[in-house]
Amino acid sequence: MKNFIQQLFKDKEGNFSLRELAIALFIMVLIISWIAQQFFSLHVPEFMFYSFSSLVAAGCFGYSIERKTKL
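Rules used in this analysis
Residues numbered from 1 in each chain as written. Predicted model: local features only at pLDDT ≥ 70, side-chain atom pairs only at ≥ 80, totals over all residues. Heavy atoms only, no water. Helix = DSSP H or I, 4+ residues; strand = E, 2+ residues; numbered from the N terminus. Buried < 20%, exposed > 50% of the residue type's maximum accessible area, 1.4 Å probe, protein only. Phe/Tyr/Trp six-rings, centres within 6.5 Å; stacked < 30°, edge-to-face > 60°.

I'd like to hear about the environment of glutamate 20, residue by residue, with values.
Mapped onto the fold, glutamate 20 is located in helix 2 (residues 18–39). Measuring from C-alpha to C-alpha, the distance between glutamate 20 and valine 56 comes to 9.6 Å, with 36 residues separating the pair along the chain.

I'd like a rundown of the environment of isoleucine 32, residues and numbers included.
When you line up the elements, isoleucine 32 lands in helix 2. Assessed through its relative accessible area of 54%, isoleucine 32 is described here as exposed. Taking the C-alpha atoms as reference points, isoleucine 32 and leucine 55, 23 residues apart in sequence, are found 16 Å from one another.

Give a description of the packing of aromatic side chains that names residues and reports values.
Where two aromatic rings form a pair, the distance of their centres and the angle of their planes describe that pair. For the coordinates displayed, the defined rule picks out one aromatic pair. Where tryptophan 34 meets phenylalanine 39, the ring centres are 5.8 Å apart and the plane angle is 85°; that geometry is what we call edge-to-face. A residue is classified by how much of its surface remains accessible, and phenylalanine 39, at 60% relative accessible area, is exposed.

Given below as structure tokens:
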């Protein structure tokens, strides 16, 4: 389990990346806000949900165009 979590935060070069950490944080915020709105009737502004979703999408897009460096 520890190895799996460490792999989540590494980029294509195998180095730890803040982008992956930020994406994981934004995904957690999205899930928590969705649970808060669905089950606890707490109001979460729509624009916040869309902005966090956009940041996750931008991070995934950045990862998809990232290339390994050639030595």
